[in-house]
Amino acid sequence: LATTLALFSVPALAQSPRPPQTTGAAPTGKTISSSEFVDKVIQSDMFNAQAARLAEQKGDRTEGTYARGISSDYTKATDNLKTMVNAGKVNTNIPTTLDRNHQETLAQLQNLWGQSFDNAYTRDLLQNDQNEISLFQQYAQNGDNPSLKQWATKMLPELKSHLVYAQLLSGEGPSGPVR
């Protein structure tokens, strides 16, 4: 664990500004439907898993090491969600392809290598993790399906641990920049 944390504590170099990617999380306090939640979660997880696989190939620093574990985590979460839908606990359709927003972000990552890739990947990872946590908190508090609300609540600690690693990877500590 100490070795893993040490790998993630390498600060990222300056990052070029880019509009933040969003998962489309609903504003806090607003009820979100099961269908909307499932769609957004699967879109986000598919993006994270695909971006993590790119990081394994293209990253210069520790992104590849981190990505191997994160890709597995997101795939497992998506599989759990799909199982709930297929078992009839949630009545919705499962998206099978990325939405346009996530496709564009992934295409931008595919065109980068080395440090440029690392900077963009960690920035996107951090933003996506923050958005996904907000989405899960929103659904856990205001969702319309008890089974799915329970699952969202159960997943929050794992998502928050991903955010901590993303913050360390990007040079941000959980409470601000690492100096």
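Residues numbered from 1 in each chain as written. Predicted model: local features only at pLDDT ≥ 70, side-chain atom pairs only at ≥ 80, totals over all residues. Heavy atoms only, no water.

Draft legend 1. Main features of the packing of helix α2 (residues 34-58) against helix α5 (residues 114-142). The N-to-C vectors of α2 and α5 enclose an angle of 160°; their axes lie 10 Å apart at closest approach. Looking at the two axes, α2 sits roughly antiparallel to α5. As α2 packs across α5, the resulting crossing turns out to be left-handed. For the contact of α2 with α5, the per-class residue count stands at 13 nonpolar, five polar and six charged. (Axes fitted to C-alpha atoms, helices over the stretch in contact; angles between N-to-C directions. Helix = DSSP H or I, 4+ residues; strand = E, 2+ residues; numbered from the N terminus. Parallel < 35°, antiparallel > 145°, perpendicular 65-115°, else oblique. Left-handed = near helix turned anticlockwise from the far one by under 90°. Nonpolar A, V, L, I, M, F, W, Y, C, P; charged D, E, K, R; others polar.)

Draft legend 2. Empty space enclosed by the protein, seen in detail. Using the criterion set out here, one finds one cavity of 30 Å³ or more in the structure. Computed from the structure, the largest cavity encloses a volume of approximately 40 Å³. As for the largest cavity, its lining consists of D45, D73, Y74, A77, F136, M155, E158, L159 and H162. Sorting elements by how many residues they give to the lining of the largest cavity places helix α6 (residues 146-169) first, with four residues. Looking at the lining of the largest cavity residue by residue, the class counts come to five nonpolar, one polar and three charged. (1 Å grid on protein atoms, 1.4 Å probe; cavity = no way out; pocket = protein on both sides within 12 Å on 5 of 7 lines; lining within 4 Å. Points joined across faces, edges and corners; volume = space filled by probe spheres on them.)

Draft legend 3. The packing of α2 against α6, seen in detail. One can describe the packing of α2 onto α6 by two numbers: an axis separation of 11 Å at closest approach and a directional angle of 35°. The chirality of how α2 crosses α6 is left-handed. Residue-level contacts link S34, F37, V38 and V41 of α2 to L148, W151 and A152 of α6. Per-class residue counts for the contact of α2 with α6 are six nonpolar, one polar and no charged. (Contact = heavy atoms within 4.5 Å.)

Draft legend 4. Summary view of the pattern of salt bridges. By the definition in use, this model includes two salt bridges. With a closest N to O distance of 2.8 Å, K40 and E36 form a salt bridge. Of this pair, K40 and E36 both sit in helix α2, four residues apart, roughly one helical turn. Between E104 and R100 there is a salt bridge, with its nearest N and O atoms 3.2 Å apart. Linking E104 with R100, this pair stays in helix α4 (residues 100-110), spanning four residues, or about one helical turn. On the accessibility criterion, E104 (39% relative accessible area) is partly exposed. For R100, a relative accessible area of 61% puts it in the exposed group. (Salt bridge = Lys/Arg side-chain N within 4 Å of Asp/Glu carboxyl O. Buried < 20%, exposed > 50% of the residue type's maximum accessible area, 1.4 Å probe, protein only.)

Draft legend 5. Molecular detail of the confidence of the model for the chain. Of all residues in the chain, 73% have pLDDT values of 70 or greater, and the mean over the chain is 77. When pLDDT is averaged over each element of the chain, α4 comes out on top at 95 and helix α1 (residues 2-8) at the bottom at 33. Every residue in residues 1-28 is under pLDDT 50, and counting partners more than four places away or in other chains gives 60 contacts. (pLDDT = per-residue confidence, 0-100.)

Draft legend 6. A look at α2. Over its 25 residues, α2 runs 35 Å from end to end, which matches the ideal 36 Å to within 8%, given 1.5 Å per residue. Among the 25 residues of α2, 18 are classified as buried, and the element is accordingly described as predominantly covered. (Expected span 1.5 Å × (residues − 1).)

Draft legend 7. View of the packing of aromatic side chains. Applying the stated criterion across every chain, the model contains five aromatic pairs. Aromatic side chains F37 and F136 sit 5.1 Å apart centroid to centroid with 70° between the ring planes, which places their arrangement in the edge-to-face category. Here F136 lies in helix α5 and F37 lies in helix α2, a separation of 99 residues in the sequence. Judged on exposure class, the residue F37 and its partner F136 are both buried. Pairwise contacts between aromatic rings join F37, F136, Y139 and W151 into one cluster. For the cation-ring pair, K58 lies above W113, with the distance from its terminal atom to the ring centre recorded as 4.0 Å. (Phe/Tyr/Trp six-rings, centres within 6.5 Å; stacked < 30°, edge-to-face > 60°. Lys NZ or Arg CZ within 6 Å of the ring centre and 35° of its normal.)

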